[in-house]
Amino acid sequence: MEAPIHCAPAPDALFKSAGGGDDASPDFPQPDVQILTSAGLRIPAHAAVLASASPVLESIVDSPPKHSSSSERVIPILGVPCAAVAVFVRLLYSSRYAEDELGKFGIHLLALSHVYSVPTLKQRCAKAVGQNLTIDNVVDVLQLARLCDAPDLYIKCMKLVSSNFKPVEQTEGWQFMQDHDPWLELEILQFIDQTELRKKKARRHREEQRLYMELAEAMDCLEHICTEGCTSVGPYDVEPNRKSQPCSKFSTCQGVQLLIKHFAACKKRVNGGCSRCKRMWQLLRLHASICDQHDSCKVPLCRQFRLKMQQEEKGDDTLWKLLVRKVVSARVMSTLSPFAKRKREDIERMLPPQMNWTHQAK
Ligand SMILES: [Zn+2]
Ligand SMILES: [Zn+2]
Ligand SMILES: [Zn+2]
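By the naming in an unreviewed UniProt entry, the protein is BTB domain-containing protein, taken from Linum trigynum. Annotation of the protein in UniProt includes, under Pathway (unreviewed entry), the sentence "Protein modification; protein ubiquitination."

Engineer: For this particular structure, what's the right way to read unusual backbone geometry?
Structural biologist: Here the phi dihedral of Ser117 falls at roughly 60°; this positive angle occurs in a residue that is not glycine. Mapped onto the elements, Ser117 comes out in the loop between helix H5 (99-115) and helix H6 (119-131). Residue class for Ser117 comes out partly exposed when judged on its relative accessible area of 32%. The phi dihedral of Asp149 is positive, around 55°, even though this residue is not glycine. By relative accessible area, Asp149 is classed as exposed at 52%.

Engineer: Got a minute to help me understand the pairing of strand S1 (residues 33-37) in this structure?
Structural biologist: Put simply, side chains in a regular strand alternate between the two faces of the sheet. The buried count for S1 comes to five of five residues, which makes it a mostly enclosed element. The sheet contact formed by S1 and strand S2 (residues 42-45) spans four bridges and is antiparallel. Paired with Ile35 across the two strands is Ile43, which belongs to S2. With antiparallel pairing between neighbouring strands as the criterion, S1 and S2 make up a hairpin whose turn holds four residues, including Gly40 at a positive phi of roughly 95°. As judged from the five bridges shared by S1 and strand S3 (residues 73-77), these two strands associate in the parallel manner. Residue pairing in the sheet places Leu36 in a bridge with Pro76 of S3.

Engineer: So what exactly am I meant to see when it comes to the nonpolar core here?
Structural biologist: Nonpolar side chains in soluble globular proteins generally cluster together in the buried interior. Counting residues in hydrophobic clusters, the biggest one holds 58 residues, and the most contacted among them are Ile35, Phe88, Leu153 and Ile188. If one sorts the elements of this core by residue count, helix H4 (residues 82-93) sits on top with eleven residues. If near-sequence neighbours (up to four positions away) are discounted, Phe88 is found in contact with Ile77, Leu109, Leu112, Ser113, Tyr116, Val118 and Leu121. In this structure, Cys226, Ile290, Trp320 and Ala330 belong to the second largest nonpolar core, which totals 39 residues.

Engineer: Would you mind going over the environment of Phe263 with me for this structure?
Structural biologist: Counting through the fold element by element, Phe263 comes out in helix H12 (residues 253-265). Sequence spacing of Phe263 and Arg276 is 13 residues, and the spatial spacing of their C-alpha atoms is 7.6 Å. Apart from the residues lying within four places of it in its own chain, the contact partners of Phe263 are Arg269, Val270, Cys277, Met280, Trp281, Leu284 and Leu301.

Engineer: Got a minute to help me understand the coordination of the zinc ion (ligand 3) in this structure?
Structural biologist: Metal coordination angles have textbook ideals: 109.5 degrees for a tetrahedral set of four donors and 90 or 180 degrees for an octahedral set of six. The protein atoms donating to the zinc ion (ligand 3) are His287 (NE2), Cys291 (SG), Cys297 (SG) and Cys302 (SG), with metal-donor distances spanning 2.0 to 2.4 Å. Here the zinc ion (ligand 3) binds four donor atoms, and the angle range of 102 to 115° at the metal identifies the geometry as tetrahedral.

Engineer: Quick question: what am I supposed to make of the side chain of Gln143 here?
Structural biologist: Tracing the backbone through its elements, the reader meets Gln143 in helix H7 (residues 138-147). Residue classification places Gln143 among the buried residues on the basis of a relative accessible area of 18%.

Engineer: Help me understand the pattern of salt bridges in this model?
Structural biologist: Note that side chains of opposite charge can pair when their charged atoms are close. Within this structure, the stated rule accounts for eight salt bridges. Note that Glu214 and Arg210 form a salt bridge whose closest N and O atoms lie 3.4 Å from each other. Placement of both Glu214 and Arg210 in helix H11 (residues 182-227) is noted, with a separation of four residues, approximately one turn of the helix. Of the residues examined, Glu214 reaches a relative accessible area of 3% and is grouped as buried. A relative accessible area of 39% places Arg210 in the partly exposed class. One salt bridge connects Asp220 with Arg331, and the closest N-O pair in it is separated by 2.6 Å. Placement of the pair is Asp220 in helix H11 and Arg331 in helix H15 (residues 318-336), with a sequence separation of 111 residues. With relative accessibility at 24%, the residue Asp220 sits in the partly exposed group. A relative accessible area of 18% places Arg331 in the buried class. Taken together, the shared-partner salt bridges in this structure form one network comprising Arg146, Asp181 and Glu187.

Engineer: What exactly am I supposed to notice about the sheet that holds S1 here?
Structural biologist: The strands making up a sheet associate through hydrogen bonds between their backbones, and the pairing can be parallel or antiparallel. In spatial order, the strands read S2-S1-S3; together these three strands make up an open sheet with mixed pairing. Every other strand in the sheet has two partners, leaving S2 and S3 as the edge strands with one partner each. For this sheet, the mean angle separating the axes of adjacent strands, direction not counted, is 30°.

Engineer: Mind showing me how you'd approach the coordination of the zinc ion (ligand 2) here?
Structural biologist: Coordination of the zinc ion (ligand 2) by the protein involves His262 (NE2), Cys266 (SG), Cys274 (SG) and Cys277 (SG), with metal-donor separations of 2.0 to 2.4 Å. One way to put it: the four donor atoms around the zinc ion (ligand 2) meet at angles of 99 to 116°, and that makes the site tetrahedral. We note that the donor set of the zinc ion (ligand 2) lies within a single chain, spaced as H-x3-C-x7-C-x2-C. A relative accessible area of 8% means that Cys274 is categorised as buried. Under the relative-accessibility criterion, Cys277 is labelled buried at 0%.

Quick notes on the rules
- Residues numbered from 1 in each chain as written.
- Chains lettered and ligands numbered in written order.
- Predicted model: local features only at pLDDT ≥ 70, side-chain atom pairs only at ≥ 80, totals over all residues.
- Heavy atoms only, no water.
- UniProt positions renumbered as here; feature names shortened; annotations may be inferred.
- Helix = DSSP H or I, 4+ residues; strand = E, 2+ residues; numbered from the N terminus.
- Buried < 20%, exposed > 50% of the residue type's maximum accessible area, 1.4 Å probe, protein only.
- Pairing = 2+ DSSP bridges.
- Core = buried A, V, L, I, M, F, W, Y, C linked by side-chain atoms within 4.5 Å.
- Contact = heavy atoms within 4.5 Å.
- Donors = N, O, S within 2.8 Å, 3.2 Å for Na, K, Ca; no water.
- Tetrahedral: all angles 85-135°; square planar, octahedral: opposite > 155°, others 65-115°.
- Salt bridge = Lys/Arg side-chain N within 4 Å of Asp/Glu carboxyl O.
- Axes fitted to C-alpha atoms, helices over the stretch in contact; angles between N-to-C directions.

Set out below in structure tokens:
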């Protein structure tokens, strides 16, 4: 019989009072099983404690012993460093642990707590391993997370890989994985693709929101110019406020005024293919689509546009309606959270040239 090797801080202290003979506490019975590690270490333990901590160990303890002659059950836990097994067994007794133990044996403890079905310990180990992720170990940990079914850790690894792909690709772990687990490589590449796609979508959504906000502000600005008049443009019955300083209400006011002046004077006009006139036309149409002033509205062409829209009620321009809805909701949003005054921008920027309302791709 081989001598037990004490290669680890075995949970001796825990068993001394129990296994030490005379001073055994009456509440704590003698150990009745031994855990055998790869290096031959035998860790005394109590079947009842192991069984209550782990359903897997419970079924091992409950199964009939192979060698009925031996008085004590031996449960081998092989394939991990014996020090890790010792810590694992101790953690089955008490949830108290030192941080450095989880740092040092986290990977092994994660594997053990998964195999022996100890969920709370598994969760803590996954968290600890996640805190010690590096470029060098991330691929190994990722494989482990997948094997051990630790989704949070898996995602954390995937994110680290996808944001550090170049250096990770240089690691031994990556090269080993490429040779031995091409499916995982595929999984990682797909994850990176999806992350990029999500980022792109979010960016596009932000840009669209910004456009709707700007259009909503342009609508307010248009009403402001056509109702009260501003620096150089105003309704015929209002004396223009001919102050030289720029408008204090809307950063886009000057741009809208220039566009209105152009619209009034342009010889080419919309039908002649003038792009600036077209934009003004679209702003006026958009205004009419959201206007609630009815006959008292002073914005040019508002009534005409509304009459035309009533006549064309059946011809449903879904994309235009969608745009109107978005601008209306952006307008509501901007009244709820006042839009920060932006830098002076040209109104033309609000309607990107590629935007053709009737053929706008989703
Ligand atoms: Zn103004
Ligand atoms: Zn023009
Ligand atoms: Zn109107």
